[in-house]
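Per-entry structural report
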Protein chains: 2
Amino acid sequence: MNHEAATAPTLQDQTLSLGPLELRLGDREALVSGVRASLTVREFEVLEALTERPDRVITREDVYGRVWGGRMPYRDRAVDVHVKRIRQKLGAIAPNWTFVHTHFGIGYRLSPEAVDEGQQ
Amino acid sequence: MNHEAATAPTLQDQTLSLGPLELRLGDREALVSGVRASLTVREFEVLEALTERPDRVITREDVYGRVWGGRMPYRDRAVDVHVKRIRQKLGAIAPNWTFVHTHFGIGYRLSPEAVDEGQQ
DNA sequence: AACCCCGTTAACATTCTTTTCACCACTGCG
DNA sequence: CGCAGTGGTGAAAAGAATGTTAACGGGGTT
């Protein structure tokens, strides 16, 4: 006998998958290839913001607005620094994948791409 | 995470299509046959300016005014240089298409044209 | 208090973009 | 044909944006 009906997926349990990347929105956990990436809260939020439109460019201002709220102060580097750490942590788990792409002068784009191994 | 602006109706997603060319105005991204052309911001803006009246000639002065604002300095080559790189990038993706046409002494005209393969 | 974690900030390094210049090819005309 | 103006192109110089590291400081914990 099973009681599956009792465990209907609530929004909190929602997970989002993009290639080897998996975001558990409810408990703010990110997994890469099933491995915990141990992102901090801010890091997770930035990554989640990029998730709004996967494979599309999201401006720095947009990320800032979604995570911190309000306008991004002139020359603020908070977004960059967090992106750097996100890349670092995800990259440590999946070295031949690239997740966050820079769009110079605009912002970032999240789309997991396998790196060609021929160049290692 | 701040969700105040989360689901704002981003009509920035507006895209413009001309033959195999697709401009995502909001993201400032240009695609050719679905492939990202990775134009820089200026390059995109110049291309966008030519888009104002597709298939019609647009003067250099006009392009300059729309992208840089103000009058074009005497003998300024900025527009030309950017057109050159636009052609280069678009051409790399779709070798048998021509997008930007020169009108001597006047300016440029944007209209994607397939090149007859028989002449190669 | 001492410690640790995290977010922020500042400073410097690096990479990418834009501008500028020089040289040459091409056009149109006398 | 030769001249003058215009556009194509490559590359250096100048300028901006992003990458990266480390220090600082607030909170919470021991």
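Refer to the structure printed above.
Note that the structure is a prediction, hence the values are computed from the model and not measured.

Conventions and cut-offs
Residues numbered from 1 in each chain as written. Chains lettered and ligands numbered in written order. Predicted model: local features only at pLDDT ≥ 70, side-chain atom pairs only at ≥ 80, totals over all residues. Heavy atoms only, no water. Pairing = 2+ DSSP bridges. Helix = DSSP H or I, 4+ residues; strand = E, 2+ residues; numbered from the N terminus. Axes fitted to C-alpha atoms, helices over the stretch in contact; angles between N-to-C directions. Contact = heavy atoms within 4.5 Å. Near = heavy atom within 4 Å. Polar contact = N/O pair within 3.5 Å; in protein donor to acceptor, adjacent residues only side chain to side chain. Buried < 20%, exposed > 50% of the residue type's maximum accessible area, 1.4 Å probe, protein only. Nonpolar A, V, L, I, M, F, W, Y, C, P; charged D, E, K, R; others polar.

Considerations on the sheet that holds strand β6 (residues 97-103) of chain B
Residue and element names in this part refer to chain B. On the basis of which strands lie adjacent, the open sheet formed by 3 strands has the order β5-β7-β6 and antiparallel pairing. Each edge of the open sheet carries a strand with a single partner, namely β5 (57-59) and β6. Between one strand axis and the next, the sheet turns by 30° as a mean value, whatever way the strands run. By the bridge criterion, 3 bridges tie β5 to strand β7 (residues 107-114) in an arrangement that is antiparallel. Within β7, the residue paired with T59 across the bridge is G107. Against the sheet, helix α1 (residues 41-51) makes contact with β5, β6 and β7, and its axis sits at roughly 85° relative to β7, the strand it touches most. Its contacts with the sheet place helix α2 (residues 60-67) against β5 and β7, and it is angled at close to 70° to β5.

Regarding the sheet that holds strand β1 (residues 15-18) of chain B
Residues and elements named next belong to chain B. Overall, antiparallel pairing links the 4 strands, which are arranged β1-β2-β3-β4 in an open sheet. Every other strand in the sheet has two partners, leaving β1 and β4 (35-36) as the edge strands with one partner each. Contacts between α1 and the sheet are confined to β1, β2 (21-24) and β3 (29-32), with β2 contributing the most and set at about 110° to the helix.

Observations concerning the protein's contact with DNA strand C
In the region of DNA strand C, 19 residues are neighbours, and T40(A), W68(A), T40(B), W68(B) and R85(B) sit closest. Within 4 Å of the protein, the contacting atoms of DNA strand C are drawn from sugar and phosphate to the extent of 69%. A distance of 3.0 Å separates a phosphate oxygen of DNA strand C from a polar atom in the backbone of R42(A). Contact between DNA strand C and W68(B): a phosphate oxygen at 2.8 Å from a side-chain N or O atom of the residue. Residue assignment for the surface near DNA strand C shows that the elements contributing at least two residues are α1 (41-50) and α3 (78-93) of chain A together with α1 and α3 (78-93) of chain B.

Structural notes on the side chain of R53(A)
With respect to the helices, strands and loops of the structure, R53(A) is situated in the loop between α1 and β5 (57-59). Those residues in contact with R53(A), other than ones at most four positions away along the chain, are I58(A), D62(A), D13(B) and D27(B).

Some remarks on the pairing of β3(B)
Residue and element names in this part refer to chain B. Residue alternation in β3 divides its side chains into two sets, E29 and L31 and A30 and V32, and both sets are buried. Sheet topology note: the β2/β3 ladder contains 4 bridges and is antiparallel. If you follow L23 over to β3, its bridge partner there is A30. Of the strand pairs in this sheet, β3 and β4 are connected by 2 bridges, and their pairing is antiparallel. Bridging across to β4, L31 finds its partner in R36. In this structure, the hairpin formed by β3 and β4 is closed by a connection of 2 residues, where S33 is found at a positive phi of approximately 50°.

Quick look at the protein's contact with DNA strand D
Lining the immediate surroundings of DNA strand D are 22 residues, of which R60(A), R77(A), R87(A), Y108(A) and R77(B) lie closest. If you look at DNA strand D and keep only atoms within 4 Å of the protein, 58% of those are sugar or phosphate atoms. R87(B) is positioned with one of its side-chain polar atoms (N or O) 2.8 Å from a phosphate oxygen of DNA strand D. Every element with two or more residues in the surface near DNA strand D is listed here: α3 of chain A together with α3 of chain B. Grouping the constituent residues of the surface near DNA strand D by class yields 7 nonpolar, 4 polar and 11 charged.

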